[in-house]
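# Coordinate inspection notes
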Amino acid sequence: MANTIIGSSIVIDGEISGDEDLVIQGTVKGKISLKESLYVEGSGVVEADIETQNVEIAGRVTGNIAATDKVELKTDCRVVGDIKAPRILIADGASFKGNVDMDMKER
């Protein structure tokens, strides 16, 4: 499976949308809206609201996250913002500040 990768030296300021998986190793500011999965690696910094199916975070995210399936916060990640998803996994060592909403009624 081929992913789109935003490399560690890349900075994007704006809106990202699409139908495929996205891996962020660099910096994204603005808004991210995907139909598939988002992976924020350890070097990744996101200052954006995120709407997607699955989110896996090992880096830093500031912004609200809405996922239709699952949000996973890995060890050593830092997340500031509200999370709305039916399934949320928070690893030991993850830093999270915000509210959690797991009540996902059909929209």
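To be clear, the structure that these remarks concern was listed above.
A brief look at the structure comes next. (Residues numbered from 1 in each chain as written. Predicted model: local features only at pLDDT ≥ 70, side-chain atom pairs only at ≥ 80, totals over all residues. Heavy atoms only, no water.)

What follows concerns the nonpolar core. If you look at the biggest cluster of nonpolar residues, it comprises 24 residues, and the most contacted ones within it are Ile32, Leu38, Ile57 and Ile65. At the level of secondary structure, the elements contributing two or more residues to this core comprise β3 (22-24), β4 (27-34), β5 (37-40), β6 (45-57) and β8 (65-73). For this core, the leading source of residues is β6, giving five residues. When neighbours within four sequence positions are excluded, Leu38 is seen to be in contact with Leu22, Ile24, Ile32, Ile50, Thr52, Asn54, Val55 and Glu56. (Core = buried A, V, L, I, M, F, W, Y, C linked by side-chain atoms within 4.5 Å. Buried < 20%, exposed > 50% of the residue type's maximum accessible area, 1.4 Å probe, protein only. Helix = DSSP H or I, 4+ residues; strand = E, 2+ residues; numbered from the N terminus. Contact = heavy atoms within 4.5 Å.)

Positionally, Val40 belongs in strand β5. As a C-alpha pair, Val40 and Leu22 span 18 residues in sequence and 8.4 Å in three-dimensional space. Apart from residues lying up to four places away in sequence, Val40 is in contact with Ile24, Val46, Glu56, Ile57, Ala58, Gly59, Arg60 and Val61.

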